[in-house]
Amino acid sequence: EGNADTFLKRNHGYGYNDMIALPTLTKDSLLENLARRYKYEVVYTYVGDIVVSVNPFKNVGNTGKAIRNKYKGGSRTALPPHIYALVDHAYNEMVRNEKSQSILISGESGAGKTEAMKIALSYIGEVSAKKGQRVSDEVASRLMQTNPIMEALGNAKTVRNNNSSR
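Computed from a predicted model, the values in this text were never measured in an experiment. (Residues numbered from 1 in each chain as written. Predicted model: local features only at pLDDT ≥ 70, side-chain atom pairs only at ≥ 80, totals over all residues. Heavy atoms only, no water.)

(A) Inspection of the side chain of N62 at higher detail. Looking at where N62 falls in the secondary structure, it is placed in the loop between β2 (50-53) and α3 (65-71). A polar contact of 2.3 Å, which involves the side chain of N62, links it to the side chain of R10. The residues contacting N62, other than those within four sequence positions of it, are F7, R10, E41, V43, Y44, I67, H82 and Y84. (Helix = DSSP H or I, 4+ residues; strand = E, 2+ residues; numbered from the N terminus. Polar contact = N/O pair within 3.5 Å; in protein donor to acceptor, adjacent residues only side chain to side chain. Contact = heavy atoms within 4.5 Å.)

The following block contains the structure:
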């Protein structure tokens with residue numbers, strides 16, 4: 001469980017939160033910004049409405065109930081970039097417009113796609129319970145049970161590991 005105050009403090013002053021604001025948009029400037037943020041364990045960065053997540057390969061305290069609560073119904077620009085913000089926006093659009101929403105999680109093998117999906121599903125499970133639609137534990141449990149199905153889709157052995165991209 002990450003500490004919300006520590007998370008929020010750590011996410012200030014380390015590169016650009018949204019790379020659209022970079023003075024020069026080049027491959028090098030994008031990679032330099034991501035590297036600067038990664039050095040300080042700031043693993044989420046926006047590119048407009050897209051969340052770029054750089055896998056830290058360890059728990060850096062970016063998730064947990066206290067941090068999730070900060071993003072519920074919050075302004076995307078008032079808080080540091082996070083998968084929670086993306087999922088909150090998609091969920092609220094689904095509820096408001098009564099239309100299905102999709103979130104695309106993409107990346108190379110080992111990039112953290114499965115972890116990103118788990119973070120998204122845990123958020124949806126919790127926020128849907130808050131809206132009174134179901135009991136939180138039941139929703140979260142059902143959503144997390146989809147993980148083996150997601151793991152199986154497109155699974156193939158690669159040079160890097162036995163669980164390639166979906």
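(B) Quick look at the pairing of β2. Inspection of the sheet shows strand β1 (residues 44-47) paired to β2 by 4 bridges, in the antiparallel sense. Bridging from a neighbouring strand, T45 pairs with V52 of β2. Two successive antiparallel strands, β1 and β2, enclose a turn made up of 2 residues, where G48 displays a positive phi of approximately 65°. (Pairing = 2+ DSSP bridges.)

(C) Spotlight on the layout of surface pockets. Taken as a whole, the largest pocket spans an internal volume of roughly 910 Å³. Residue lining of the largest pocket: 35 residues in total, with Y44, S53, I83, G112 and A116 positioned closest to the centre. Those elements that place two or more of their residues in the lining of the largest pocket are β2, α4 (83-97) and α5 (113-130). Among the elements that line the lining of the largest pocket, the one with the most residues is α5, at 5 residues. Its residues assigned to classes, the lining of the largest pocket comprises 19 nonpolar, 12 polar and 4 charged. (1 Å grid on protein atoms, 1.4 Å probe; cavity = no way out; pocket = protein on both sides within 12 Å on 5 of 7 lines; lining within 4 Å. Points joined across faces, edges and corners; volume = space filled by probe spheres on them. Nonpolar A, V, L, I, M, F, W, Y, C, P; charged D, E, K, R; others polar.)

(D) Representation of unusual backbone geometry. You will see that E41, though not glycine, has its phi angle at about 60°, which is positive. Mapped onto the secondary structure, E41 falls in the loop between α2 (27-39) and β1. Note on E41: relative accessible area 26%, which makes it partly exposed. Here the phi dihedral of F57 falls at roughly 60°; this positive angle occurs in a residue that is not glycine. By relative accessible area, F57 is classed as exposed at 63%. (Buried < 20%, exposed > 50% of the residue type's maximum accessible area, 1.4 Å probe, protein only.)

(E) Representation of the packing of aromatic side chains within the structure. Per the counting criterion, the structure on display carries 3 aromatic pairs. Pairing Y14 with Y40 gives two aromatic rings, centres 4.1 Å apart and planes at 20°, and the pair type is stacked. One end of the pair, Y14, is in the loop between α1 (4-10) and α2; the other, Y40, is in the loop between α2 and β1, with 26 residues separating them in the sequence. Residue classification places Y40 among the partly exposed positions, given a relative accessible area of 35%. Joined through ring pairs, the aromatic side chains of Y71, Y84 and Y123 make up one cluster. Stacked on the ring of Y46, the Lys or Arg R76 has its end atom at 4.0 Å from the ring centre. (Phe/Tyr/Trp six-rings, centres within 6.5 Å; stacked < 30°, edge-to-face > 60°. Lys NZ or Arg CZ within 6 Å of the ring centre and 35° of its normal.)

(F) Geometry of the pattern of salt bridges. Inspection of every chain in the model, using the stated rule, returns 6 salt bridges. A salt bridge links R36 to E32; the nearest nitrogen and oxygen atoms lie 3.0 Å apart. Taken together, the residues span about one helical turn, with R36 and E32 both in helix α2 at a distance of 4 residues. The exposure class of R36 is partly exposed, given its relative accessible area of 33%. The salt bridge partner of R68 is E126, with a shortest N-O separation of 2.9 Å. Taken together, the positions of R68 in helix α3 and E126 in helix α5 put the pair 58 residues apart, joining distant regions of the chain. As far as burial versus exposure is concerned, R68 and E126 are alike and both buried. (Salt bridge = Lys/Arg side-chain N within 4 Å of Asp/Glu carboxyl O.)

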